[in-house]
Protein chains: 4
Amino acid sequence: MLHEECGVFGIFSPIPDNLAVTVYDGLSALQHRGQEAAGIAVNQDRQISFEKGCGLVSEVFGKDRLKRLPDGKIAVGHVRYATTGETSEINAQPLVIKHVKGKLALCHNGNLVNGASLRKALELEGNIFHTTSDTEVIAYLMTKHRLKTPSIEKALIETMAELKGAYSLVMMSPAKLLACRDPLGIRPLCYGVTPEGKTVFASESCALDAIGARFVRDVAPGEVIVVDEKGLRSFRNHCDTKPKALCVFELIYFARSDSIIEKVSIQEARKQAGRYLAKAHPADADLVIGVPDSGLDAAMGFSEVSKIPFGTGLIKNKYIGRTFIEGGQRRRENLLRLKLGVVKSAVAGKRVVMIDDSIVRGTTMRRIVALVRDAGASAVHVRVSAPPFLNPCYYGTDVPSRDKLIACGHRIDEIRAHIGADSLGFLSVDEVLRLYPEKEPSEFCAACFDGRYAAGAPADFFEIRS
Amino acid sequence: MLHEECGVFGIFSPIPDNLAVTVYDGLSALQHRGQEAAGIAVNQDRQISFEKGCGLVSEVFGKDRLKRLPDGKIAVGHVRYATTGETSEINAQPLVIKHVKGKLALCHNGNLVNGASLRKALELEGNIFHTTSDTEVIAYLMTKHRLKTPSIEKALIETMAELKGAYSLVMMSPAKLLACRDPLGIRPLCYGVTPEGKTVFASESCALDAIGARFVRDVAPGEVIVVDEKGLRSFRNHCDTKPKALCVFELIYFARSDSIIEKVSIQEARKQAGRYLAKAHPADADLVIGVPDSGLDAAMGFSEVSKIPFGTGLIKNKYIGRTFIEGGQRRRENLLRLKLGVVKSAVAGKRVVMIDDSIVRGTTMRRIVALVRDAGASAVHVRVSAPPFLNPCYYGTDVPSRDKLIACGHRIDEIRAHIGADSLGFLSVDEVLRLYPEKEPSEFCAACFDGRYAAGAPADFFEIRS
Amino acid sequence: MLHEECGVFGIFSPIPDNLAVTVYDGLSALQHRGQEAAGIAVNQDRQISFEKGCGLVSEVFGKDRLKRLPDGKIAVGHVRYATTGETSEINAQPLVIKHVKGKLALCHNGNLVNGASLRKALELEGNIFHTTSDTEVIAYLMTKHRLKTPSIEKALIETMAELKGAYSLVMMSPAKLLACRDPLGIRPLCYGVTPEGKTVFASESCALDAIGARFVRDVAPGEVIVVDEKGLRSFRNHCDTKPKALCVFELIYFARSDSIIEKVSIQEARKQAGRYLAKAHPADADLVIGVPDSGLDAAMGFSEVSKIPFGTGLIKNKYIGRTFIEGGQRRRENLLRLKLGVVKSAVAGKRVVMIDDSIVRGTTMRRIVALVRDAGASAVHVRVSAPPFLNPCYYGTDVPSRDKLIACGHRIDEIRAHIGADSLGFLSVDEVLRLYPEKEPSEFCAACFDGRYAAGAPADFFEIRS
Amino acid sequence: MLHEECGVFGIFSPIPDNLAVTVYDGLSALQHRGQEAAGIAVNQDRQISFEKGCGLVSEVFGKDRLKRLPDGKIAVGHVRYATTGETSEINAQPLVIKHVKGKLALCHNGNLVNGASLRKALELEGNIFHTTSDTEVIAYLMTKHRLKTPSIEKALIETMAELKGAYSLVMMSPAKLLACRDPLGIRPLCYGVTPEGKTVFASESCALDAIGARFVRDVAPGEVIVVDEKGLRSFRNHCDTKPKALCVFELIYFARSDSIIEKVSIQEARKQAGRYLAKAHPADADLVIGVPDSGLDAAMGFSEVSKIPFGTGLIKNKYIGRTFIEGGQRRRENLLRLKLGVVKSAVAGKRVVMIDDSIVRGTTMRRIVALVRDAGASAVHVRVSAPPFLNPCYYGTDVPSRDKLIACGHRIDEIRAHIGADSLGFLSVDEVLRLYPEKEPSEFCAACFDGRYAAGAPADFFEIRS
C-alpha cells in the first residue's frame, strides 16, 4: 500500500456537454494535492472513455489529448501524489474496469488500513490485480457486491462496511455519478452546483470556485450521494454515528489557503496556528517571515499577536518544477538556493522569526536557516506551525518512517542545535486540535503527532512492494 | 474480441544478463507481425518490471526507456497489430498481473473462439477486467487453476483444456519461462539456443537468426515447455492427438520470407504458389512482376515455370510509415503513388503479369493496375497467390466482414472487370493446401478460403465492444 | 523590432568546468524575465557549442540536452520573452555567428531605437539576416569593427558608438567573456564572483545568489568589462558622462523582489510605492490585499502607512503555466478564476483595498474586482503602484499601442467605473521617480508614463514585420 | 564544407493551394537522398513561412506542424543527408534569409569546390555566417548581385559565374520560383507539370511520379529556369558549352531505381552493371543474389547474362531505422544480423554470386559474406557494381578519406581475402562510364574512381570545422 495524497473531482450534467475541460479545470485547482499523475474519464451514452498519464494536468493533457475525450453527461478526474517507479503510470487514476454490469471508473483519495488483508483475501479467491493500489481492491468489492444487489449505490454501501481507513471516493457507473466519504471523514469532500445546474464533487471547495460552482455543503462522514437522471439522493443511515476525525494535516499543509473544509477556513486555521505560536513561544525579534507557501499565513498570525512586523523574507522560484534537473550532493545543496531567494534588504541586521509548516528530517530547515543568516539576519528564531512528527500515518499522508523523523529520538533543543536556530518552538498537540476553536478536538485526527489512530492501525502493518 | 496478428518472444538465461536488449532485437525481427504496440517485461530476482507502449519497437523503446529495465534471467516481449482507439494502449502486452503466488507476464499470439463466453462466465463470478483482450481471460484461468495446482505448468495445462481457438503463448512467472501452442498449432512458435546457452522462444525462426540463436525445433501443437533453473521440460500427453491446422495465411502473407515454420520455407512456399499460378493461369506476356514485398517470391516462381522474365516493376517507398500524414479522398488516392513507384523503363510497351498475395476489397488492386497501365504496360494480367477470401477468420487474422470482401458475391470475371485487368487468376484451395508438397493438406487451416474451421467457430459469434 | 524583456547570464572560469549546469541555474533564477525561449552556449577550447529552443529553461534543457554541452571555461545564456510565431525559435538566443576571426555568441536584453535604420543600412550593403532581432544587427557591427580593430573589446566599444537605445549585452568570443551596458543604463546588469573564483554576469543579483556567487557591483552605464585568462578589465572612458536612465518598470514589475539593482532593493521600492499610495490615495477600509505576485509588496507598504491590516485575499495557482489549454471567450473568462482564488473568509464583509502593479486594458482588473465582490467584499478600492500607461516604450518593455491603453483617452473616474471599483488611485509620475528616495528622479526613465525618452525615439518609428 | 547528398523540390501554382502537403509528398519520394533533416518553405502573398528540423519528413512534419504552413502559390523543400552534431539542425534547409529586397529561401544539392575560399573572402568583407554550409555562401552572393541587378534571375546568373563545383538549386523569392543546375550537370534536376498546371522541380523524376506530375525534361546543365505569374522562362546562353559530367554514383547508388535521369533509366543502368560483371568476372555458381536494395538490379543483370538463376538470398528488415538503439562492439556486430536476414532455404548448399553496389571499408561486406556462409552457402563469389573507391569526392558524395578506403593500398586479392570471399570482381572504370551505352563516357564524372575531377579540386582543400 502506497501512502499518498490525492485530489478527486466528479461532475454530472443534465444535458451532454464538454465536461472534460471542466474536469481539467477542476483538477488544475486541486493540482497542489498531487503532481505525479492525472486522469479524466468521460461517460458518453453509457460508454466510458479515459485518458491518464504521469505529470501535471497541463502536461498530461495537451490540446489534442483533451479533445480525444467525447462530450458526455458524467465525468470524473483525479490528481495523484505518489512515489516514482514502475507503479506510477499503472496506478494513475481514474481506475476504469469492466465487470458484468458494465464499466466503472473510480477515483480515490485516502488509504485503507485493511487494504493489504482485503487484497490477500481476494487473491486467495483467484482474483488478479493489475495495480498496487487500494483502489483496485475497492473495485473488486464493488463488483462482487454489485452482482448480488440491485443497484450500484447498494453495492457501494455494502463495500463501505468492509473498508477500514480513509477514503473519499468519486466514481461513475454507466448511468450514475457516486460520491462517498469514510465514516470518520478523514479526507475532505464537498459538492456544489453550477449556474447551469450541473452537480460537482471535489476534494476541496477551491475547485468549485475555480469552475464557477456554488458550494452547497461537505459530503458528511459515512454519506453516500448518488446523482443520475432522476436527481441527487443521499444515503446515511447505514453508518454508525462515529466521532469524526478530519486529518489536521489537511489544515496545516495539504489544503489550499482559500478552501473551506468542514466550515473551517484553511487560511484562518493557519493564522490561528501562528497566533498560538506567538503566545506559547514568543521571541524578541524585529521581523516575522514565513517559508512560502504554507508558512505565510501562520507568520501573519504570529505577527498579529506579537506585534512584530510581518515581511516577505523568502521568495519562492515558481519555475523550479518537477522536471528540473537534479544531481549529486553539491547540486542538491544548490537547489535550495534556487528554490528560495532571501530578500537581503528585508532581513539584514534583523532578528527574524521564521515560520514553516513542519520539520521532517531537519535537513532542509538547517539549510534555510543558514541562507537567512548569510543574508545578514542577526538572529533566526524558528517556529513550526505543527507539533513534532512522531508516528506514521496509515490514512494517506506520506510521513517517512520513524528512523527518518528527527523528532523521534531527539529533544527539541537537539533539533534546534541541528538546524542552527537561535530558538525553536512547535505547536502543541492541544493547539493543533484547536486550530478551529468552534470545533471539538475530538473531531480531528492527529495520529501522526499523538499516535491516537481514529480508524485503527493495520493489525500486521507491512508495506507491499510491487 | 479483437482480431489480431502478433509476435511473441521469450528468453531464459542461466545467469543474469541485459536481456531487455536481446528481446528488443528479437521483437525487431518480428516487427512485421505487428506495428501498433510493443512491450518487454524482465524478471530480476523474481521481481517483474515492464515497459510498453504504442508504436514500433524503436519508437516505444528509446535508449532511456530500455535502460529502465534491469538485468535478469527471464524476459518476454510482444509486438502487436490491432485496431486503433482507446483499447490500443491498455491492450499492449506483455500483460503483467499480480495474483496470490506472485506476478505473471503473458504474451499471446492468436484469438480464442470461446473468449467471449469464458469472459462472461468470469464476470458472472465477480471478476473485473481492465482490458478487452483474450489475454486477460487466459490470465484469470491461469490464476484460478494455479490456486489448486502445485505448479504454474500444471495450471497452464488445465487452462489449455478450457481454451478453444488459436494461441501461441509465452509467459513468465517469478521463477519460470513457459511456452505453449494450441493443440492445432494454428499460430507458429519455435525455440532455439544461443551460443551462451540461453533458451529462446519466438513466433518465427527469423527472430532466432537475428539474435544469433540456433533453431532447435518448433514447439509442437498442444505442447507446453517450461524452462527454469533446472532446465527445459516438455509436456505433451495432456492433449488429444488432433490433426494439425497451421494457418496457411502465415505462409502466404504474415511470416517473413526467411523464416521456416513447421519445416516449410516461407520463401519456397511462396515460389510454389507462383509455380501453381503459372500452370493453372498461364498468360501470354513479356514480363512478370510482383507487388512488393510479399508478391515478389510468387512472381519468381511464376517466371520459373512460365519462362517469362522476372523483373522489378514496382518500387516500394520504405519511408512511408505509420506516422505518415493521411487525409481526404484525394490524398488517399495519392498515397498509393507515394507508396509504390512504377519502373516505367521496365514495363513500358510490355505485356505484364503482376502477382500480389491477396485481393480484399479490390480498391487497391484497381489503383495498382491503373498505375502500371499509365506507365505504358500494354496489358496487365493479375495473378493472386491465394484463393479468394470468402469467410471471416476466428483465429486471429483480420479478414474484414463478408460485405467488404469483393469475392463474396462477385464472380472472378466481375472482379477482373472491377480491377481493370486483362485477365485474373487466383490460386485454388487445393493448391494453397499444397504449398509445401511434403505435407498433407489436412495439416493446414484455410478456413478464410474454404470455410472449414479447424477449431470451430464461436457458437454465437459477436464482437464485444469495449 | 520586437519589443521584449529578457535575462542574460555569463560566466568565466579559470579552469574548465561543467559551466552549462551553472548557466542553467542562473537562467532559472532569471526565468521571470522571459519564458518563451532559453539557450546556453559553452566555449570549450575556443570551440563554441550551443543549444536553444522554445519554452522554460527546464523544458528546453532535459537531462540529455544539457549533457550535450561540453565542459569549458566560458559560457553564456539567455531567457527570452517574445511574441509567438515563426520568429520565436529562430530568434532564440544566444545568437551564435561565425566571422573571419572565429565564432561569437551574443545575449542581449533591451531594444535599439535605431535598430531598423542600422539594419536597413546593412542590408543596402548586401548583408543578409536570418533573424528579425536587433541582436543580429549588433553582431554585424561587431564583425565589421572587429576586422579593423586589434581586439574584440575595441570592436565592442566602436559598436556601442553606433547603437542608440537600451542594451545590456553579455557575449563570448573564442577567448573572452564580454559584458556591457548602454550609456544610460536602461536595463540592469551586475557581476559577482563565486567562492572558486569564477566571474559571473547576470541581469539581476538574484541570479548571483542562486548560484552562490557574491555580488560585486553593477556594471556601470556605458561600461565594457572583459574577462579572460589575464583577468578582468574595465573600459569606461569611451562614453560621454550622460545622466542615467534606469527603467522604472524594472522596479515596479520586471525584477524579482529579492534583487538589488543600482543599490535599490526591489522589494523596498515596491513597498515605497505602497506607502506613497496610502498617503496620496487613502481609503476607509478594513483590509489591504495585493494581486500576486507583484502587488504584494506594495500592499504591505500601504498597510504600514495606513495602519489597515494586510492580509492574503488572492491565491495564485502556480500550476497554470504556458502550456495551459486556453479556448474561446467563455474559457478566457474562466481562466482568471483558475489563476486567482479568492480567500472568502478573509474578504467577506470587508471593505478592501486591493493593489496591483499596473492597469493596461482594464479587462483583467474588472474581472478581479468582480471576483472579490462575489466573495463578499463590501467595497473594493483599487490602488495601482504605477502611473497610468500613456506612451509606447522603445527600450524593450512590451507596452501595447495607445489605442489599447485604457488610460489614453479615459479619465481616472471613467477607468474606475469601467473596472467597477469603489475608488481608484494611481501612483504619480513624481512618486514613481522617487521610489528610491536616495536617488535623483533624473536617474530613471519613465517614458511610458511621462513621454520623456531618455535615449530618444526612432526618427521614423515603424514595426518591421518579418 | 560538409560532404552531403540531398534532395530538392519546388512548386509553382497559378492559384493559391495547400502546397505544403505536395512538397511533403515530393520530399517523401526523395527521402532516400537524405534522412537527417527536412524542411518546407511556403510563400503566401510574398511572405515566406518555413518549418524544418532533424529527422525523416514524416518525423519532422506531424499533422500539426504541416498545418502551421499556410496556403500559397510557391513552395520549396529539402531533405538532407549529413553528419550528426551541432551543425545538423542549424544547417537544415530551406535556408531562409532576409535581404533588402525581401526574403529568399534556398535549397541546395551538391557541394562547391570553391566554397571555402568564397566564404573566406566574404568573411574578410565583414560578413557573418550562421551555418557551416555552402548554401549560405550562395545566399550572400545572390544578395550582393541582387543589389546591382534588376532581377533575381540575373543575380542568379551572375552568382553562377562565381561558383565552382556541383549545385542543383531550387529557390524562391517573394514572387518567383527559380531552379538551376551547375554547368557540368553533376547533380540531377528535372521538372514537370501537374494536371492542374502547377510547375514542379525535383531532384529525381520519381518525385514527379509520386505527386502525379508529368515529366517534361531535365533542367539542362548551366540552365536557369524562372517561374512566376507570367509563366516559365529559361536562360542558357550565359554558360560556356562545357562537356557534361553527371555523377555516376547517382546511377550506381543514390537515385531510386524507378527514376530516369538524363534519359538514363536507373534500373537499366544497374542491370547493365550486372551484365558487364557477368562478362568480365564470370563465376561457376548456382545462384545470383543481391544485397538489398541497390544490389538487386545488378544481380538480375548478372543472372540474365550468366544464365545462373536469380534468387532472393537476403531480406532487409525495413523497421531498423535511424532511431534504432545502437551500442558497443558486440551490438554493432549483431546489428547486421538484424538488418539482413539470410534465406537459408535459398542459399544452403549453393555456390552463390552476391552483388553489392560498393565496398568502402570492407567491414560490412566481410560480415555479410560470413552470414551467407553460416547459412550454408558452399561458395560466395562477390561482385561489386562499381569500381574500387580511390579518391575523395568534392562534389557532394560522402566518400571517406583515403586511409579508410580499403581499395587504397590493397590489391584486389588482398581485399578478397579480407572479406573472405571465394572470388571478387569489380566493375571497371571504362564500364562504369558506359552504364548507359547511348551516352559518351565523357558525359559522366567518375572522379571517385578515376581521379579526373570534371569541375576541378579545391586549390587548397581543407575541411572547415565548425
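Residues numbered from 1 in each chain as written. Chains lettered and ligands numbered in written order. Predicted model: local features only at pLDDT ≥ 70, side-chain atom pairs only at ≥ 80, totals over all residues. Heavy atoms only, no water.

Participant: Run through the interface of chain C and chain A, naming residues and quoting values.
Facilitator: At the interface, 52 residues of chain C touch 51 residues of chain A. Of the roughly 4,200 Å² buried where chain C meets chain A, counting both sides, 54% is carbon and sulfur surface. Where chain C meets chain A, there are four salt bridges. The salt bridge partner of aspartate 209 of chain A is lysine 344 of chain C, with a shortest N-O separation of 3.2 Å. At the surface where chain C touches chain A, the tally comes to 14 residue pairs in polar contact (both at pLDDT 80 or more). At the level of secondary structure, the elements contributing two or more residues to the side of chain C that touches chain A comprise α1 (19-29), α3 (63-67), α8 (205-210), α11 (295-306), β18 (314-316), α12 (329-339), β19 (340-342) and α13 (344-347) of chain C. Of the residues in the side of chain C that touches chain A, the class split is 19 nonpolar, 17 polar and 16 charged. (Contact = heavy atoms within 4.5 Å. Buried area = accessible area lost by both parts, 1.4 Å probe. Salt bridge = Lys/Arg side-chain N within 4 Å of Asp/Glu carboxyl O. Polar contact = N/O pair within 3.5 Å; in protein donor to acceptor, adjacent residues only side chain to side chain. Helix = DSSP H or I, 4+ residues; strand = E, 2+ residues; numbered from the N terminus. Nonpolar A, V, L, I, M, F, W, Y, C, P; charged D, E, K, R; others polar.)

Participant: Got a sec to walk through the packing of helix α5 (residues 115-124) of chain B against helix α6 (residues 134-148) of chain B? Specific residues and values, please.
Facilitator: For any two helices packed against each other, one specifies the inter-axial angle together with the distance between the axes. Residue and element names in this part refer to chain B. With their axes 10 Å apart at the nearest point, α5 and α6 run at an angle of 55 degrees to one another. As far as their axial angle goes, α6 and α5 are oblique. The element α5 and its partner α6 pack so that their crossing is left-handed. Only Asp134, Val137, Tyr140, Leu141 and Lys144 of α6 make contact with α5, whose side of the interface consists of Gly115, Leu118, Arg119 and Leu122. When the residues that make up the contact of α5 with α6 are grouped by side-chain class, the tally is five nonpolar, one polar and three charged. (Axes fitted to C-alpha atoms, helices over the stretch in contact; angles between N-to-C directions. Parallel < 35°, antiparallel > 145°, perpendicular 65-115°, else oblique. Left-handed = near helix turned anticlockwise from the far one by under 90°.)

Participant: Tell me about the relation of the copies chain D and chain B, and please be specific about residues and values.
Facilitator: Superposition of chain D onto chain B requires a rotation of 180 degrees combined with a translation of 0.0 Å along the rotation axis, giving an RMSD of 0.1 Å. Classification of the inter-copy transformation places it as that of a two-fold axis. For chain D, the residue whose C-alpha comes nearest the rotation axis is lysine 318 of chain D, separated from it by 3.4 Å. A symmetric contact is evident, with 100% of the interface residues of chain D recurring at the interface of chain B. (Least-squares fit on C-alpha atoms with pLDDT ≥ 70 in both.)

Participant: An account of the sheet that holds strand β13 (residues 231-235) of chain B is requested, with residue identities and associated values reported.
Facilitator: Residues and elements named next belong to chain B. Within the open sheet, the six strands sit side by side as β5-β6-β7-β8-β12-β13. Their pairing is antiparallel. Single-partner strands in this sheet number two, and they are β5 (95-99) and β13. Going across the sheet, the axis of each strand differs from the next one's by a mean of 20 degrees, ignoring polarity. Where strand β7 (residues 165-172) meets strand β8 (residues 177-181), five bridges bridge the pair, whose relative direction is antiparallel. Note on β8: the bridge partner recorded for valine 170 is alanine 179. (Pairing = 2+ DSSP bridges.)

Participant: Break down the packing of aromatic side chains for me, citing the residues and quoting the values.
Facilitator: For the coordinates displayed, the defined rule picks out 42 aromatic pairs over all chains. When the ring of phenylalanine 389 of chain B is compared with that of phenylalanine 449 of chain B, the centres are 5.3 Å apart and the planes differ by 25 degrees; the resulting orientation is stacked. Of the two residues, phenylalanine 389 of chain B sits in the loop between β21 (379-384) and α15 (412-419) while phenylalanine 449 of chain B sits in helix α17 (residues 447-450), which places them 60 residues apart along the sequence. Taking relative accessible area as the criterion, phenylalanine 449 of chain B reaches 4% and is therefore assigned buried. Geometrically, the ring pair formed by phenylalanine 129 of chain C and tyrosine 140 of chain C is tilted, given 5.1 Å between the ring centres and 55 degrees between the ring planes. Linking phenylalanine 129 of chain C in the loop between α5 (115-124) and α6 (134-148) with tyrosine 140 of chain C in helix α6, this pair joins segments that are 11 residues apart in sequence. With a relative accessible area of 0%, tyrosine 140 of chain C lands in the buried category. Chaining the aromatic ring pairs together yields one cluster made of Phe249, Tyr253, Phe254, Phe389 and Phe449 of chain A. (Phe/Tyr/Trp six-rings, centres within 6.5 Å; stacked < 30°, edge-to-face > 60°. Buried < 20%, exposed > 50% of the residue type's maximum accessible area, 1.4 Å probe, protein only.)

Participant: Account for empty space enclosed by the protein, with residues named and values stated.
Facilitator: Using the criterion set out here, one finds 14 cavities of 30 Å³ or more in the structure. There is about 90 Å³ of room inside the largest cavity. Cys247, Cys393, Cys445, Ala447 and Cys448 of chain C are, among the 15 residues lining the largest cavity, the residues nearest its centre. Those elements that place two or more of their residues in the lining of the largest cavity are α9 (248-254) and α17 (447-450) of chain C. Its residues assigned to classes, the lining of the largest cavity shows 13 nonpolar, one polar and one charged. Volume-wise, the second largest cavity comes out at about 80 Å³. Along its surface, the second largest cavity is lined by 14 residues, and Cys393, Tyr395, Cys445, Ala447 and Cys448 of chain A are the ones closest to its centre. Those elements that place two or more of their residues in the lining of the second largest cavity are α9 (248-254) and α17 (447-450) of chain A. (1 Å grid on protein atoms, 1.4 Å probe; cavity = no way out; pocket = protein on both sides within 12 Å on 5 of 7 lines; lining within 4 Å. Points joined across faces, edges and corners; volume = space filled by probe spheres on them.)

Participant: So, the pairing of strand β12 (residues 224-228) of chain D: which residues are in play, and what are the values?
Facilitator: Successive side chains on a regular strand alternate, one facing one side of the sheet and the next facing the other. Residues and elements named next belong to chain D. Taken across its five residues, β12 has five buried, putting it largely inside the fold. Alternating residues of β12 divide into Val224, Val226 and Asp228 and Ile225 and Val227, and every residue in both groups is buried. In the sheet, strand β8 (residues 177-181) pairs with β12 via four bridges, with the strands oriented antiparallel. Paired with alanine 179 across the strands is isoleucine 225, a residue of β12. In this structure, β12 lies alongside strand β13 (residues 231-235), joined through five bridges in antiparallel fashion. Each residue of the ladder has a partner; that of aspartate 228, found in β13, is glycine 231.

Participant: Got a sec to walk through the relation of the copies chain C and chain A? Specific residues and values, please.
Facilitator: Superposing chain C onto chain A takes a rotation of 180 degrees plus a shift of 0.0 Å along the axis, which leaves an RMSD of 0.0 Å. A symmetric contact is evident, with 98% of the interface residues of chain C recurring at the interface of chain A.

Participant: So what about the interface of chain D and chain B? Which residues, and what values?
Facilitator: Taken together, the contact between chain D and chain B spans 52 residues of the former and 52 residues of the latter. A combined buried area of about 4,100 Å² lies between chain D and chain B, and 54% of that area is made up of carbon and sulfur atoms. Here chain D is connected to chain B by 14 residue pairs in polar contact (both at pLDDT 80 or more). Counting only elements with at least two residues in the side of chain D that touches chain B, the list comes to α1 (19-29), α3 (63-67), α8 (205-210), α11 (296-306), β18 (314-316), α12 (329-339), β19 (340-342) and α13 (344-347) of chain D.

Participant: Describe the domain arrangement of chain A, listing the residues and the values that go with them.
Facilitator: Residue and element names in this part refer to chain A. In terms of domain boundaries, chain A breaks down into domain 1 (7-242) and domain 2 (269-436). Its C-alpha centre places domain 1 at a distance of 35 Å from the equivalent point of domain 2. Opposite the 12 residues of domain 1 that make contact, domain 2 presents eight residues. Contact between domain 1 and domain 2 buries roughly 690 Å² in total, counting both sides, with carbon and sulfur atoms accounting for 51%. Seen at the junction of domain 1 and domain 2, the total is zero salt bridges. In this assembly, domain 1 and domain 2 are joined by three residue pairs in polar contact (both at pLDDT 80 or more). In terms of residue count, the dominant contributor to the side of domain 1 that touches domain 2 is strand β6 (residues 102-112) (three residues). (Domains from an automatic or database assignment.)

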